[in-house]
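Breakdown of the fold
In case you want the letters, here they are:
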Amino acid sequence: MKQFHSFRLDTVNHCLWRGEERVSLTPKAFDVLRYLVEHADRLVTQDELLAALWPETYVNPEVIKKYILGIRKALGDPRDKPEFIETFPRRGYQFVAPVTELISGAPLGECINGAGKMVGREGAMAQLDGYLDQSQNSQRQVAFITGEAGIGKTTLVDAFHQSVANRSNLRIIRGQCVEGFGGKEAYYPVLEAIGQWVREAGGGQVVQTLAKQAPTWLIQFPSLIKAEQREALQKEIHGATRERMVREICEALESLTAQDPLVIVLEDLHWVDPSTLDFISAVARRRGPAKLLVLGTYRPADLIISKSPLKALKQDLVLHNLGHEISLERLEEPDVAEYLDIHFPGGSFPDGFANLIYRHSGGNALFLVNILLDMVKRGLIAQVDRRWTLQVALEDIEPRVPETLDQLIEMQFQQLSPYEQCILRSASVAGERFSVWAISTAAEIESSSIEDACERLADRLQFIKAAGINAMANGQISAHYDFRHSLYREVLYRRLSEVNRSKLHLLLAQRLKEFCDPCEQEQATELALHFEAGRDFEQAVHYLILAAKNAAGRFAYRGSIEILRHALELVPMIAAGKRIQLEVQTLVQIGDTNYASGNMTDSAQAYEKAASQAAQVGLGAAQVTALIRLAHPLGLIDVDRAVAAVEQADQISASLNDPILQARTQILASCARLYYHTWRSRDAELYASAKETIQRLSGGGQYPEMHYAHLHPLQGGYQEALKIAEDGILKISETTNTVAYLLALGAKSVALMHLGRLGDALHIMRTAIERAEKNGSDPWVLKIREAWLRTVAMDFEGAQQLCETMIRSNSGYPTGQPKAIAWFAAGNAALSHAKYNEALQNFRQVIDEDVTPKFFLHWYWRTLAQLGMANVWLASGNLKNAETEAKLLLKFTLSTADPSLQALAWEMNARLAIAGKDWGDAEKSVQNGLAILTNFEIPMAAWRLHGTAWDFYRQAKNDNDKAAETHRKCAETCILKIADSFALDEPLRATFLAAAPDSLSGASCLRES
Ligand SMILES: Nc1ncnc2c1ncn2[C@@H]1O[C@H](COP(=O)(O)OP(=O)(O)OP(=O)(O)O)[C@@H](O)[C@H]1O
Ligand SMILES: [Mg+2]
């Protein structure tokens, strides 16, 4: 540790100390200061600083000037007669104050408790030391330091921080809760602490560990991630949950503290957000070894007001011995006497002075400090002949001291100039740390002199202190100040009249909005806060919606919904014209967040309400949007209602004079009917013409909706479907919409499956299922696809088992679809064991609409079940029944546009004809089927068709051995290609190869060849 004048440069914890006070410096300003101090013997050029501190980025040299200015301010270094940093114009800077090295291991703790400035608190310090010792033995510790405002919680933490700062390898990181952010900015203080750590450590091990063990956290620091890494990370964390985020940070912290101890200080938890509480709770409850100490401070009285669950959490942790509480009491009279001794060394005060100060302050440290400061300022205590003495009689002091700290602060405020008062009033609205820029909003403040006025106040130790020159959200740089204590701000803020307060908030909000234009999403919480307090509820709701999206981005879905519910509470206060519109927007967002997190019922409810509200006031477009969205959750839980919703949207949009919207709703309505009702060429045509309209109206650009990815396969367009799904996945992977992402992966795997790339499809499903399970989200969509794939690969038992676990899992999704697939698989399994009655019964359950309700593509499965029935009748020798089924099958499939289904139907009819030795009909069916293959790549039907064609040419005895052999080879090639799409050791490969020849006569060629 380096010392110069009264400052100490703490290179272990990257901070600057003046006595017991931590001087606020941004990490970069600290780096600049550190570099100069470490090269104090010589001039450091600008280029050298740029090369050392910004090695990989171009930085305008002007920035250095700003940082030097900030450092000077923090050090109180006069520009005209510098004591610390000398400027050599156009050359560089030199640190000129004498620097001494503090021997590492010097008893800093003694320094604080002895010659330092904190009095009392020996017991609390000993407790903290004890917790640190235990944590260094790998027993994680969580402790809360509690007590009223100004009692000395932060002082205790600072003293502890300083006393252990020079322990080798110990890291201390700190995060601060912000009033008004509670519940809106998930993990705010934890992210601040980790962010500080990561930046100060210059990445390295911390970033590597986060990348490996906590990608959901690393992604919260975009500046640390390289562009190419980002995409992989996004994929990895898709569908993550709150549980995963908490678990990841715990695991990462456990790794990082396996060797070196870490202290995390979380200040002012009375303003904490629920996600941070989850974090604290998890850290306390996990059992593994960790050299980790988490210290939180809070005011218990404020918890009662905010009804924060922290109170219950603390009680529970303490009760179960998982956490400790250090409840700070007020200082005692001897502490006050000691304080006087330390701060007024050699002072000569009359007997009873300490008692008087003790009585007045009630032992509240902040009050005590203020009483004394005030007395010094007013000359009641003064230095005479280098000795501090009381300038008035003890009895005369009594009436001059206000009874409460609030009154004292109020009195000090009244003594300021009107201009200073005006600045502080605005500052109290801007926050505990404020920028000069932020307070130049109030019209009556002359902005150019604000900084000078702030500087004067800081110099006089009144209300505020300098916090350096920092970059703001948009990169602009401004001087910042902190209130010396949060209570000062609170008192000033409370004394503002309601009208004034909201006026100032509104001014600030409007300015922030203008200035934050490109980064409004990041600043949403702050903007919402000021607009709400400024009573511009329309803007407040707008920004609350953005803040809710931010929360969802951190997987804090619960928090996100809470923000939106709060927005709904503000809606009635919005002027009539805009009220419903914003209510609808909020409800739609509630629907989106619930949908993204897999909560379909609540999602549908919110969209439904949005649609009905919009309908009431004739907001047609908003109603249409809400109805379209409503179809998404309903499509998974109640398909008839999903179709009704899009049909209603379609009807309304017809009257809106918005041809693109109309075409879009036509697409959705026709798709919904095609997916959920049955195939009808009318709908397919409507879909095609609406798509054409959109392409024409939007300048030919593709309209990238995932619906297309599901529709193309029904027309044999598997390659197109694959492309659409891949594009969609890229786009959706940037959001946190887990369900949409899984659906897109599902669409991709289906396209691959139809293309015979079963192995690739299986790989996507398995990875996504594994990831979703790791993330705690439900991979239902992909499990259904896997069951589908197993039926295609003829692993009927596997498909059945998978569906049965889904039915049992009680996932909240309807069971119609897994049941249908299970019956279909069971039917095929029974057929392969010649259990014909059982097979028929199973296939019938799939077809019967009373047993199997509608679901996505239910008619597709019913068609396959009908094919199954025909196969059973054929296998059991009932050619008549087989024919009835096969004809029905053919009729229906020919009414669709699905080449695979049609090919399978022709193939069925061909086999029937072969069995009945009707060679003319067999040839016709074979030829019709083969004709489809010339237009479509349908490998899953092709191998069966070729197999049957081989059988036909072989059995028809028309001496066409060559044709027979060609088809045999084609069937074999197709089968092997499909089998080879699996990894060699994938059991499904063998299942497919073994089952293919047995299951259908067409493929028996392989057995015989
Ligand atoms: N033990 C102490 N010895 C000397 N001074 C103290 C002590 N405790 C507190 N102070 C003084 O009182 C002031 C207020 O204390 P501090 O900021 O630590 O209170 P706090 O409990 O953190 O309040 P809040 O709840 O508002 O955060 C400090 O600035 C410090 O000057
Ligand atoms: Mg504090």
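The rules behind each value
- Residues numbered from 1 in each chain as written.
- Chains lettered and ligands numbered in written order.
- Predicted model: local features only at pLDDT ≥ 70, side-chain atom pairs only at ≥ 80, totals over all residues.
- Heavy atoms only, no water.
- Phe/Tyr/Trp six-rings, centres within 6.5 Å; stacked < 30°, edge-to-face > 60°.
- Buried < 20%, exposed > 50% of the residue type's maximum accessible area, 1.4 Å probe, protein only.
- Helix = DSSP H or I, 4+ residues; strand = E, 2+ residues; numbered from the N terminus.
- Lys NZ or Arg CZ within 6 Å of the ring centre and 35° of its normal.
- Pairing = 2+ DSSP bridges.
- Core = buried A, V, L, I, M, F, W, Y, C linked by side-chain atoms within 4.5 Å.
- Contact = heavy atoms within 4.5 Å.
- Axes fitted to C-alpha atoms, helices over the stretch in contact; angles between N-to-C directions.
- Parallel < 35°, antiparallel > 145°, perpendicular 65-115°, else oblique.
- Left-handed = near helix turned anticlockwise from the far one by under 90°.
- Nonpolar A, V, L, I, M, F, W, Y, C, P; charged D, E, K, R; others polar.
- Salt bridge = Lys/Arg side-chain N within 4 Å of Asp/Glu carboxyl O.
- Near = heavy atom within 4 Å.
- Polar contact = N/O pair within 3.5 Å; in protein donor to acceptor, adjacent residues only side chain to side chain.
- Areas by Shrake-Rupley, 256 points an atom, 1.4 Å probe, with all protein chains shown as cover.
- pLDDT = per-residue confidence, 0-100.

Let us now look at the packing of aromatic side chains. By the definition in use, this model includes 30 aromatic pairs. When the centroid spacing of 6.4 Å and the interplanar angle of 70° are considered together, the rings of tryptophan 859 and tyrosine 860 count as edge-to-face. Side by side, tryptophan 859 and tyrosine 860 carry an identical accessibility label, which is buried. Between tryptophan 919 and phenylalanine 952, the aromatic rings sit 6.3 Å apart at their centres with planes inclined by 50°, giving tilted as the arrangement. With tryptophan 919 in helix α45 (residues 919–935) and phenylalanine 952 in helix α46 (residues 939–955), the pair connects residues that are 33 residues apart, well separated along the chain. Look at tryptophan 919 and you get partly exposed, because its relative accessible area is 25%. Members of the aromatic cluster, joined through ring pairs, are Trp679, Trp788, Phe824, Phe843, Trp859, Tyr860, Trp861 and Phe892. Geometry around tryptophan 950 places arginine 954 over its ring, the cationic atom sitting 4.0 Å from the centre.

Okay, the pairing of strand β11 (residues 262–267) next. Most of β11 is tucked away: 6 of the 6 residues are buried. The alternating pattern of β11 places Leu262, Ile264 and Leu266 and Val263, Val265 and Glu267 on opposite faces, both of which are buried. Summarising the sheet, strand β10 (residues 171–176) and β11 pair through 6 bridges and their orientation is parallel. Among the inter-strand pairings, arginine 171 is bridged to a residue of β11, identified as leucine 262.

With that settled, consider the nonpolar core. Core analysis: the biggest nonpolar cluster contains 154 residues, and Leu758 and Leu789 have the highest contact counts within it. For leucine 789, the residues in contact, after removing those within four places along its chain, are Met753, Leu758, Ala761, Leu762, Met765, Phe982 and Leu988. If you look at the next biggest cluster of nonpolar residues, it comprises 141 residues, including Leu313, Ile423, Leu457 and Leu527.

A few words now on the packing of helix α42 (residues 858–875) against helix α43 (residues 879–895). Contact geometry for α42 and α43: axes closest at 7 Å, N-to-C directions at 155°. As far as their axial angle goes, α43 and α42 are roughly antiparallel. In this structure, the crossing between α42 and α43 has a hand that is left-handed. Here α42 contributes Trp859, Thr863, Gln866, Leu867, Met869, Ala870, Trp873 and Leu874 to the contact with α43, which in turn contributes Leu879, Asn881, Ala882, Glu885, Ala886, Leu888, Leu889, Phe892 and Thr893. Residue composition of the contact of α42 with α43, by class: 12 nonpolar, 4 polar and 1 charged.

Inspection of the entire model under this criterion finds 42 salt bridges. Of the charged contacts in the structure, one is a salt bridge between arginine 286 and glutamate 254, with a shortest N-O distance of 2.8 Å. Of this pair, arginine 286 sits in the loop between α12 (274–285) and β12 (292–298) while glutamate 254 is found in helix α11 (residues 242–256), placing the two residues 32 residues apart along the sequence. Residue classification places arginine 286 among the partly exposed positions, given a relative accessible area of 26%. Three or more residues joined by partner-sharing salt bridges are found here, namely Glu647, Arg673, Arg680 and Asp683.

The next subject is the site of ligand 1. Around ligand 1, the structure places 20 residues, and the nearest of them are Lys153, Thr154, Thr155, Arg299 and His485. Contacts to ligand 1 include lysine 153, whose side-chain N or O atom sits 2.6 Å from an oxygen atom. Notes on ligand 1: free accessible area 620 Å², of which the protein chains cover 90%. Looking at the shell around ligand 1, the elements that each hand over two or more residues are α6 (153–164) and α17 (365–377). Class assignment of the residues belonging to the shell around ligand 1 gives a composition of 8 nonpolar, 6 polar and 6 charged.

Let us look at the sheet that holds strand β4 (residues 21–23). Think of a sheet as strands paired side by side through backbone hydrogen bonds, with each pair either parallel or antiparallel. Reading across from one edge, β4-β3-β2-β1-β8 is the order of the 5 strands in this open sheet, with antiparallel pairing throughout. Each edge of the open sheet is held by one strand with a lone partner, namely β4 and β8 (100–101). With 3 bridges joining them, strand β3 (residues 15–18) and β4 adopt antiparallel strand pairing. Across the sheet, the residue bridging to tryptophan 17 is arginine 22, located in β4. With respect to the sheet, helix α1 (residues 27–38) is in contact with β1 (2–4), β2 (7–10) and β3, its orientation differing from that of β2 by roughly 105°.

Let us look at the sheet that holds strand β17 (residues 464–471). If you trace the 3 strands from one edge of the open sheet to the other, you get β16-β18-β17, paired in antiparallel fashion. Looking at the sheet topology across the chains shown, the edges are occupied by β16 (433–435) and β17. Strand-to-strand twist of the sheet, defined as the mean angle between neighbouring strand axes without regard to direction, takes the value 30°. In the sheet, β17 pairs with strand β18 (residues 477–483) via 6 bridges, with the strands oriented antiparallel. Across the sheet, residue isoleucine 464 finds its bridge partner in β18, namely phenylalanine 483. Strands in contact with helix α3 (residues 62–75) are β17 and β18; relative to β17, the strand with the most contacts, it is inclined by about 165°.

Let's shift gears to the pairing of strand β9 (residues 141–146). With 6 of 6 residues buried, β9 is to be regarded as a mostly interior element. By the alternation rule, side chains of β9 split into Gln141, Ala143 and Ile145 and Val142, Phe144 and Thr146, which are all buried. Direction of pairing for β9 relative to β12: parallel, over a ladder of 6 bridges. Within the sheet, the bridge partner assigned to alanine 143 lies in β12 and is leucine 295. Pairing of β9 with strand β13 (residues 324–327), which is carried by 4 bridges, proceeds in the parallel orientation. Bridging from a neighbouring strand, threonine 146 pairs with serine 327 of β13.

Next up on the list: the side chain of glutamine 220. Within the secondary structure layout, glutamine 220 lies in the loop between α9 (215–218) and α10 (227–237). From its side chain, glutamine 220 meets the backbone oxygen of threonine 216 in a polar contact 3.1 Å long. Each residue touching glutamine 220, except ones within four places of it in the same chain, is listed here: Leu191, Met245, Gly553 and Arg554.

Tracing the sequence through the fold places isoleucine 172 in strand β10. When its relative accessible area of 2% is taken as the criterion, isoleucine 172 is described as buried. Considered as a pair, isoleucine 172 and phenylalanine 144 are 28 residues apart in the sequence and their alpha carbons are 16 Å apart.

Moving on: the confidence of the model for the chain. Overall, the predicted model of the chain reaches an average pLDDT of 87, with 93% of residues at or above 70. This stretch, residues 103–116, has a pLDDT under 50; its non-local contacts, to residues over four places away or in other chains, come to 21 contacts. In this model, residues 998–1009 is a region of pLDDT below 50 whose contacts with residues beyond four sequence positions or in other chains number 27 contacts.

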